[in-house]
Amino acid sequence: MRGKLRRRSAMVTAVAALSAGGMVLSTGSASASALLTVQVGAAVFNGRNLASGTVGVPDLWSGDTLLATCWNTGENLGGGNRWYLTVLERYNRLNGLELTVTGWTYAPYVDNSAATNGTLQHC
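Calculation notes
- Residues numbered from 1 in each chain as written.
- Predicted model: local features only at pLDDT ≥ 70, side-chain atom pairs only at ≥ 80, totals over all residues.
- Heavy atoms only, no water.
- Helix = DSSP H or I, 4+ residues; strand = E, 2+ residues; numbered from the N terminus.
- Buried < 20%, exposed > 50% of the residue type's maximum accessible area, 1.4 Å probe, protein only.
- Polar contact = N/O pair within 3.5 Å; in protein donor to acceptor, adjacent residues only side chain to side chain.
- Contact = heavy atoms within 4.5 Å.

1. Considering the side chain of Asn72
In this structure, Asn72 sits in strand β5 (residues 65-73). Judged by relative accessible area, which is 14%, Asn72 ranks as buried. Polar contacts involving the side chain of Asn72 include one to the side chain of His122, which spans 3.4 Å. The residues touching Asn72, leaving out its near neighbours within four places in the chain, are Arg48, Asn81, Arg82, Trp83, Trp104, His122 and Cys123.

2. Things to note about unusual backbone geometry
Even without a glycine there, the phi angle at Asn112 is positive, about 60 degrees. Among the structural elements, Asn112 can be located in the segment after α2 (107-111). A relative accessible area of 56% places Asn112 in the exposed class. For Ser113, which is not glycine, the phi torsion reads 65 degrees and is therefore positive. Relative to the elements of secondary structure, Ser113 occurs in the segment after α2.

Quick look at the structure:
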């Protein structure tokens, strides 16, 4: 239980730091998390495929941001098979509304999978 509280506290601290400064937390060559700007548009899914359904938050549009902790492979929706584990969504188009719902976003629709090339660790 103690370890879970520490990890949660660390994540809250990380989210606060990222929200305030838009910075990336680094642990060696790959980051523990990254604040990414959505380029096209992305929904947040329960799993790494369309059949898993969305988590119930609004879709992210171009210019919105998300906090990703790592990436993994999943269904290929036409641009590759990489997905980001997303833990925070910031809707710049909705006056900066921030939600902390965990789910998966399709990486090619976020940043053309750029963060999978060394910015984020594989989950």
